[in-house]
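A closer look at the structure
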Amino acid sequence: LDKMIRFHVTAKALKSIDKYGGLDNYLLLSQHVIVDEGEGGRVKRRILEAQERREAAIAAGEDPDEAAKEEEEDLSELSHPERMKRLRRFA
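A brief structural summary. (Residues numbered from 1 in each chain as written. Predicted model: local features only at pLDDT ≥ 70, side-chain atom pairs only at ≥ 80, totals over all residues. Heavy atoms only, no water.)

1. Describing the nonpolar core
Generally speaking, nonpolar side chains in soluble globular proteins are found buried as a group. The condition is simple: By convention a nonpolar core is built from buried Ala, Val, Leu, Ile, Met, Phe, Trp, Tyr and Cys residues, the set being connected through side-chain atoms within 4.5 Å. For the exposure calls, accessible area comes from a 1.4 Å probe over protein chains only, and a residue counts as buried if that area is under 20% of its type's maximum, exposed if over 50%, partly exposed in between. The numbering of helices and of strands both runs from the N terminus, where a helix is a DSSP run of H or I of at least 4 residues and a strand a run of E of at least 2. Any two residues whose heavy atoms approach within 4.5 Å are treated as being in contact.
Membership of the largest hydrophobic core is limited to seven residues, which are Ala13, Ile17, Tyr26, Leu27, Val33, Val43 and Ile47. Listed by contribution, the elements that provide at least two residues to this core are helix H1 (11-20), helix H2 (23-29) and helix H3 (38-59). Ignoring any residue separated from it by four or fewer positions in sequence, one finds Val33 in contact with Tyr26, Leu27, Gly40, Gly41 and Lys44.

2. A word on unusual backbone geometry
A positive phi is found at Asp36, a non-glycine position, where the angle reads about 65°. For Asp36, the location among the structural elements is in the loop between H2 and H3.

3. So, H3
Put simply, the rule is: A helix is expected to span 1.5 Å for every residue after the first.
Over its 22 residues, H3 extends 32 Å from the first C-alpha to the last, a length consistent with the 32 Å expected when each residue adds 1.5 Å. All of the buried residues along H3 are Gly40, Gly41, Val43, Lys44, Ile47 and Ala57. At the C-terminal side of H3, Gly61 shows a positive phi close to 80°.

4. Thoughts on the pattern of salt bridges
Convention followed: A side-chain nitrogen of Lys or Arg and a carboxyl oxygen of Asp or Glu constitute a salt bridge if their distance falls within 4 Å.
Under the criterion given, the structure shown has one salt bridge. With its nearest N and O atoms 3.3 Å apart, the salt bridge here joins Asp36 to Arg45. Using a relative accessible area of 49% as the deciding quantity, one classes Asp36 as partly exposed.

5. Side note on the environment of Ile34
Along the chain, the position of Ile34 falls in the loop between H2 and H3. Overall, the relative accessible area of 43% leaves Ile34 in the partly exposed class. Taking the C-alpha atoms as reference points, Ile34 and Lys44, ten residues apart in sequence, are found 8.0 Å from one another.

6. Structural notes on the side chain of Ser30
Within the fold, Ser30 resides in the loop between H2 and H3. Its relative accessible area of 3% is what places Ser30 among the buried residues. If we ignore the near neighbours within four places in the chain, the residues touching Ser30 are Tyr20, Asn25 and Lys44.

7. Examining the side chain of Lys44
Defined as follows: The positive count covers Lys and Arg only, the negative count covers Asp and Glu only, and His and the chain ends enter neither.
With respect to the helices and strands, Lys44 occurs in helix H3. No salt bridge is formed by the buried Lys44; the nearest opposite charge belongs to Asp36, separated by 10 Å. Sequence-distant contacts of Lys44, that is, excluding residues within four places in its chain, are made with Leu27, Leu28, Ser30, Val33 and Val35.

8. Looking at the layout of surface pockets
Let me state the cut-off plainly: Grid points spaced at 1 Å over the protein atoms alone were grouped into cavities, where a 1.4 Å probe fits but cannot get out, and pockets, open sets with protein on both sides within 12 Å along at least five of seven lines, with lining residues defined by an atom within 4 Å of a point. Grid points are joined across faces, edges and corners, and a volume is the space filled by probe spheres set on the points. Only Asp, Glu, Lys and Arg are considered charged in this grouping, and only Ala, Val, Leu, Ile, Met, Phe, Trp, Tyr, Cys and Pro are considered nonpolar; every other residue, Gly among them, is considered polar.
A volume near 240 Å³ is recorded for the second largest pocket. Surrounding the second largest pocket, 17 residues form its lining, Phe7, His8, Tyr26, Val33 and Gly40 being those nearest its centre. Contributing elements (two or more residues each) for the lining of the second largest pocket: H1, H2 and H3. Ranked by residues supplied to the lining of the second largest pocket, first place goes to H3 with four residues. Residue classes in the lining of the second largest pocket are distributed as nine nonpolar, six polar and two charged.

Next up, the structure:
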């Protein structure tokens, strides 16, 4: 996601994250992280959605990095309350 994300992690989860080779891999591959369930599940949903957008951009022949930049610019044009409302659906 290339973003800083804060959430609570146990010592055992930290060991597992290291074992999986990083947070993204742990969230995507671990059977203990269920989509939309808890903090990890919400972040997993965001990662999956970002992957889908990237794959769609590639399939459409677009530069996936450019598509992500355009999406960020769209958010920056919104008022603060509207931006927060849209971002909450990912949290």
